[in-house]
Amino acid sequence: MTKKTPAKPSRKSPTQKKKTPRSSFLKRMFRAFFKWGLIIALIGSIPFAGWVWWLNGQVVSRFEGQKWQVPSEVYSAPIILSSGAPWKKQDLENLLEETGYRFGRNSQNVGWAARSQTKVSAHLRSYVDHLGFHESERRIFSFQDGRLIIQALNGDEINEARIEPQRIGFLYGGNTESRQILTYDDIPKPLIDILIAVEDRDFYQHWGISPTGIARAAFVNLTHGSRRQGGSTLTQQLVKNMYLTSERTYTRKLTEVVMSLLLEYHYSKEAILTAYMNEVYLAQLGSSALHGFAAASQHFFGRPLNELNLDEFALLVGMVKGPSLYNPERSPNRAKDRRNTVLAILKNQGRLSEADYNSLIKQPIRLADKQKERSVFGDYLDLVAMQLSRDFDETTLATKNLRIYTGVDIRAQRAASLAMQRQVAALEKRDPRLNGLQGAMVVTDRLTGQVRAVVGSSGQNYTGFNRALGAVRPIGSLVKPPLYLSALATGRYTWWTEIEDKKLRFNVGGQIWEPENYDRRTHGVVHLYEAMAKSYNLATVSLAQQIGFDRVGDTLRQLGVKRHFTMHPAMALGALELSPFEVSRLYQPIASQGKSSELGVVLAVMDQKDQLMKRFNQQNDVPFTDALLAVTLDGMTKTPKIGTARAAQAAFPDLNFAAKTGTTNQQKDSWFVGITGDYSSTVWLGDDNNVPLSITGSTGALKVWVDFTKNVNPRSLPDTLPNGAARYNVLGSKFEIAADRCKDKTPLAFILGTEPKDSTSCFWPF
C-alpha cells in the first residue's frame, strides 16, 4: 500500500482576512466615483476652457486694438519771439513760466530758464507740428530800449526763437477722459523705478500674479492690524483698470487672475508697463477722468513728464493708491504725507540716500499756477469744433487722439479775456445801470488773417453762449470805412475831397427818414478823411448817395459779407447786422492791405503717428487792389489822431494805428475796431436783452481794446505803402503838395494818379 502524503499547511498570513461583502462594495463605489468624477471633470473643463479662450480673445483684441478712446488735442500756434520786437523782461519771464519753464541757476537742461539782472536765458523745447520737427535750442534774451535782442550761446544774433505750441484743450464730443499717450521710450526711468518699488517690487519676476507679494502684504496687514499693503501686481491693476469693473466678488477676482496670466503670456513687461502708464486713473476733473502719468504731469505741474523732479514723480506714484484721497489740489497736506511715504520706501529699499531723502521731504508741492483751460480757451474751441465739423465726424474727433494745430496766440487770448473782464467790471461799477453788460472780442493776425483770440462773454468762465459767433447786432459806424473805400475805388474821390455835412431826407417805402449826427449838429463842408475820422453821419450818407447805395452794398459783399441783406439808405449808417466774427472778416482785407481776406482757425490736423491728415488753406482772393486797401487803412489812422478814438491815441501816443468806433441807435451797441502792426481787433459790448446803454463806442468798447493792447506789446503799422499808393503832405487850404516847412499840412495817402499835381514851398519873401 502506498502511503498517503499529508496535505501542506496554508501559507496565509495570520492577519489576512477573508474578503467581506462590505469591503467589496466600498471598493466598487470608490471606483465608480473616481470614474464618473473624472468624466464630470473632463466635461466641466470644456466650458472652463471655453471661458479662458474667450478671455484670451478679450485680452488680445483690446490690448492690440484701440486701447483708449482719447479725444483730439487742440494746440496753439507756436509763440514766435522776434529780435527787435517790443518786449519787457518781466513779460518774457512771465511767458516762460506760463508755458512750464522752470527758473534755476542755469538753462542747460531742456525746459529750464535762468535770469540775471538784465538778461534771460532758456533752453527751448523741441516739438513736432504740421511744418515738421523743430530742434530744441538754447537762447539768450536781452532787452535794449524796450526791444528784444535774441542771441545764440556764441553771441550771434538770431532773428527769431520759438516756444512750442501749447495744448489749449480737447474736443470731447461727449468723451469724458483726459489722456496723453506715451511710448515706452517716453517714460522717464526714475518714474519706472519708483512705481515698481512702491506698487510691485517683483514685477520683473512674476507671471502676472505674485504669491510672494500676496504673502508679504498679508504679513504687513496682520502685524499692523489694518490693511497697509495690497497684493495686486501692476499687471492685475492694469487688468482691473482696462478690462474689469470695480465690483468685489470671487468671480471677478478669478477673472482678474486668469486675465493677468494671459496678459503676461502674450506681451512683454515693457508693453504692459507702457499700457499701465497710459491707463492708470489719477484724478477726476469735473466730468473728465484724468488718466495716465503724462496727462497728470501737465495738469498738476504744467510741464512734460520728462521734466519732473524726483519728488514730483513720487507725488504722482503716491496718488495711485488713492487718486481722490491724495489729490494735491484738494488735500495738499495729505498728498505731501503720501509723497514722503513713497520717498521713505525708496530710502528703505536703498534707492535713495539719507541725505537726498531728508532734502526731498522738505520740498513744497509746487502746482502749476494756471487758469482753467476751458474758461480761457472755451470760446476759441467752439470755433475749432465748428470748422472741423465740416471735415471730421464727431466720433473721430472724440476718440482718435488727433492733434489739431490752430492759430490761437495764448498771450493774445489771455490778454483779451482779462481785458474784457476788467473793463466790463469797471463800467458796471461806474454805472449800475450797466449791470449785465456783455461783450465779445475777435483778434486776428493783421497780415495772415489767422484768428489769434476769441472772447464770447464778459464773465470769467466759459458760458456756453459764444457771442463772438452768435451775437448778431447792427454794426453802426463800423460800416463807414468800407463805404469810403467804395468812393475811393471810383477814382473820383480822395481823402482830400470835400463833401457837405448837411441835413438830408429820404423817402423809404413811404416813410420819411431823416438821419442825424451824434451831436445833433451839422458841420458844413468837410474833407472825406475828417468826415470818417469824426464819424459824421450826414456827410457819410451824402457820399453814399453820390456813389450809389447799391455800389456800397456790392463793396460790402466783395469784402466778405455773406449774410443776406437788402441795401437801403439806413445801411449807410450801419443798420447792417453782423456778428463780431463777421465784422472781423469784413475788415481783414483792409487790415492786411490785400494780403488776406478769409479768417483762419485750424492750420492742420495730424494723427498719432505725426502724419498730416489735412492742411487748411485760406482763400484770399480780394477784388480790390492792394493800393486801394492800403489807402483806406491809412485814412483810418486819422480816427485816433483827430476823431472819435482820440482816447486810444492818448493811451499810445507813439503808436501809429488805425481805428473806428461804432455806436448804434439808442446806444444799444458799443463797437470798436483797432488795427496795429500785429493785430486787427473787433470789440462789441451790449446787453443780451438789447436795451439802451449809457456808453458809446469810444466810452465802452474802446476801453477794452486799450486794455488788451497794453498787454500785447503793440507795434505800429508800417510807414511804407504798396505799389500803386503813396503818401503826401497836402496843404490844408489848397489841393497842393506841401513842403516840409509848411505848417498847415496833412499827410494823406493817395492811389497814384489821384494825388495833387501842384506843389507849394510855403516860402514867402515878405
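Calculation rules
Residues numbered from 1 in each chain as written. Predicted model: local features only at pLDDT ≥ 70, side-chain atom pairs only at ≥ 80, totals over all residues. Heavy atoms only, no water. Helix = DSSP H or I, 4+ residues; strand = E, 2+ residues; numbered from the N terminus. Buried < 20%, exposed > 50% of the residue type's maximum accessible area, 1.4 Å probe, protein only. Contact = heavy atoms within 4.5 Å. Areas by Shrake-Rupley, 256 points an atom, 1.4 Å probe, with all protein chains shown as cover. Core = buried A, V, L, I, M, F, W, Y, C linked by side-chain atoms within 4.5 Å. Pairing = 2+ DSSP bridges. Axes fitted to C-alpha atoms, helices over the stretch in contact; angles between N-to-C directions. Phe/Tyr/Trp six-rings, centres within 6.5 Å; stacked < 30°, edge-to-face > 60°. Lys NZ or Arg CZ within 6 Å of the ring centre and 35° of its normal. Disulfide = S-S within 2.5 Å. pLDDT = per-residue confidence, 0-100. Salt bridge = Lys/Arg side-chain N within 4 Å of Asp/Glu carboxyl O. Parallel < 35°, antiparallel > 145°, perpendicular 65-115°, else oblique. Nonpolar A, V, L, I, M, F, W, Y, C, P; charged D, E, K, R; others polar.

Undergrad: An account of the overall build of the protein is requested, with residue identities and associated values reported.
TA: Secondary structure assignment for the protein yields 24 helices and 33 strands. Out of the 766 residues belonging to the protein, those deemed buried represent 52%. Contacts in the protein between residues at least 24 apart in sequence constitute 67% of all its contacts with a sequence separation of at least 6. Summed over all atoms, the accessible surface of the protein reaches about 37,400 Å², with 51% contributed by carbon and sulfur.

Undergrad: So, the environment of Gln108: which residues are in play, and what are the values?
TA: Within the secondary structure layout, Gln108 lies in the loop between β3 (102-103) and β4 (112-115). Classification of Gln108 as exposed rests on a relative accessible area of 52%. Distance from Gln108 to Ser121, taken between C-alpha atoms, is 9.3 Å for residues 13 residues apart in sequence. In this structure Gln108 touches His123 and Arg138, once residues within four positions along its chain are discounted.

Undergrad: Lay out helix α9 (residues 310-319) in plain terms, naming residues and giving numbers.
TA: Of all ten residues making up α9, nine are buried, and the element is well covered by its neighbours. Buried within α9 are the following residues: Asp311, Glu312, Phe313, Ala314, Leu315, Leu316, Val317, Gly318 and Met319.

Undergrad: Go over the nonpolar core, please, and point to the residues and values.
TA: Within the largest apolar cluster, 111 residues are counted, with the highest numbers of intra-cluster contacts made by Leu81, Leu96 and Leu388. Setting aside chain neighbours within four positions, we find Leu96 in contact with Tyr101, Phe103, Ala113, Val120, Ala122, Leu124 and Ile163. Counting 52 residues, the second largest nonpolar core, distinct from the first, contains Leu263, Ala275, Met277 and Ala295.

Undergrad: Quick one: what's the story with the sheet that holds strand β26 (residues 612-615), residue by residue and with numbers?
TA: Read across the open sheet, the five strands follow the order β12-β1-β16-β25-β26; overall the sheet is mixed. Here the strands that pair on one side only, and so sit at the sheet edges, are β12 (167-171) and β26. Taken pair by pair, the neighbouring strands of this sheet meet at an average axis angle of 20°, ignoring direction. Summarising the sheet, strand β16 (residues 403-406) and strand β25 (residues 602-606) pair through four bridges and their orientation is antiparallel. In the strand pairing of β25, Arg403 is matched with Met606.

Undergrad: Which residues make up the side chain of Ser76, and what values go with them?
TA: You can see Ser76 is positioned in the loop between β1 (72-75) and β2 (79-82). Residues in contact with Ser76, not counting those within four places in the same chain, are Pro165, Gln166, Ile168, Thr406, Val408 and Ile410.

Undergrad: Which residues make up the packing of aromatic side chains, and what values go with them?
TA: What the rule picks out here adds up to twelve aromatic pairs. Ring centres of Tyr484 and Trp495 lie 5.9 Å apart, and the angle between their planes is 25°; this geometry places the pair in the stacked category. Residue Tyr484 is located in helix α16 (residues 480-489), and its partner Trp495 is located in the loop between α16 and β20 (498-501); the two are separated by eleven residues in the primary sequence. Per residue, the accessibility class of Tyr484 equals that of Trp495, and both read buried. Feature note: the residues Trp496, Tyr728, Phe735 and Phe750 constitute an aromatic cluster, connected by ring pairs. Note that Arg125 overlies the ring of Tyr101, its terminal NZ or CZ placed 4.1 Å from the centroid.

Undergrad: Talk me through the sheet that holds strand β10 (residues 157-158); I want residue IDs and the actual numbers.
TA: Here six strands make up an open sheet; going across it, the order is β3-β4-β5-β8-β9-β10 and the pairing mixed. If you trace the sheet from one side to the other, it starts and ends with β3 and β10, each paired once. The pairing of β4 with strand β5 (residues 119-124) spans three bridges and is classified as antiparallel. Its bridge partner being in β5, Arg115 is matched across the sheet by Val120. Contacting β3, β4, β5, β8 (137-144) and β9 (147-151), helix α2 (residues 89-98) crosses the sheet at an angle of about 25° to β5.

Undergrad: Give me the environment of Ala701: which residues, what numbers.
TA: In this fold, Ala701 is placed in helix α24 (residues 697-710). A relative accessible area of 0% means that Ala701 is categorised as buried. A C-alpha to C-alpha distance of 8.5 Å links Ala701 and Gly439, two positions 262 residues apart in sequence. Ignoring anything within four residues of it in the chain, the contact list for Ala701 reads Ser670, Trp671, Phe672, Val683, Leu685 and Thr696.

Undergrad: Account for the state of the cysteines, naming residues and giving values.
TA: Per the stated rule, a full pass over the model turns up one disulfide. Linked covalently through their sulfurs, Cys742 and Cys762 form a disulfide whose S-S length is 1.8 Å. Looking down the S-S bond of the Cys742 and Cys762 bridge, the torsion is 105°, so its handedness is right-handed. Remark: Cys762 occurs in the segment after β33 (758-760) and Cys742 occurs in the loop between β31 (736-738) and β32 (745-751); sequence separation between them is 20 residues. Residue Cys762 is classed as partly exposed on the basis of its relative accessible area, which comes to 22%.

Undergrad: Before we move on, can you summarise the confidence of the model for the protein with the specific residues and values?
TA: Across the protein, the average pLDDT comes to 86, with 85% of residues at or above 70. For residues 1-19, every residue scores under 50 in pLDDT, and the model assigns this stretch zero contacts once sequence neighbours within four places are set aside.

Undergrad: Talk me through helix α8 (residues 293-301); I want residue IDs and the actual numbers.
TA: Along an α-helix, residues three or four positions apart point the same way, because every turn accommodates 3.6 residues. Buried residues dominate α8, accounting for eight of its nine residues. When α8 is considered as a whole, its buried residues turn out to be Phe293, Ala294, Ala295, Ala296, Ser297, His299, Phe300 and Phe301.

Undergrad: Explain the pattern of salt bridges to me, using residue names and the numbers behind them.
TA: If charged atoms from side chains of opposite charge come close, those side chains can pair. All told, the structure shown has 32 salt bridges when counted by the stated rule. With a closest N to O distance of 3.6 Å, Lys503 and Glu516 form a salt bridge. Of this pair, Lys503 sits in the loop between β20 and β21 (506-508) while Glu516 is found in the loop between β22 (511-513) and β23 (524-527), placing the two residues 13 residues apart along the sequence. Assessed through its relative accessible area of 52%, Lys503 is described here as exposed. By relative accessible area, which is 37% here, Glu516 ends up partly exposed. Taking the shortest distance from any N to any O, the salt bridge between Glu598 and Arg585 comes out at 3.3 Å. Taken together, the residues span a long stretch of sequence, with Glu598 in the loop between α20 (580-591) and β25 and Arg585 in helix α20 at a distance of 13 residues. The class for Glu598 is partly exposed, based on a relative accessible area of 21%. In this structure Arg585 comes out as buried when scored by relative accessible area, which is 11%. Salt bridges here are not isolated pairs; linked through shared partners, they connect Lys89, Glu93, Glu97 and Arg115.

Undergrad: An account of unusual backbone geometry is requested, with residue identities and associated values reported.
TA: Despite not being glycine, Ser535 has its phi angle at roughly 55°, a positive value. The phi torsion at Asn713 lies on the positive side, around 50°, for a residue other than glycine. Here Asn713 lies in the loop between α24 and β30 (725-731).

Undergrad: For the environment of His564, give the residues involved together with the corresponding values.
TA: Structurally, His564 is set in the loop between α19 (549-558) and β24 (577-578). Between the alpha carbons of His564 and Glu577 there is a distance of 9.7 Å; along the sequence they are 13 residues apart.

Undergrad: Which residues make up the packing of α9 against helix α10 (residues 332-348), and what values go with them?
TA: Contact pair α9 / α10: the axes reach a minimum separation of 8 Å and the direction vectors enclose 105°. Classified by the interaxial angle, the pair formed by α9 and α10 is roughly perpendicular. The segment α9 lies against α10, with Asp311, Ala314, Leu315 and Gly318 engaging Ala335, Arg338, Arg339, Val342 and Leu343. Split by residue class, the contact of α9 with α10 holds five nonpolar, one polar and three charged.

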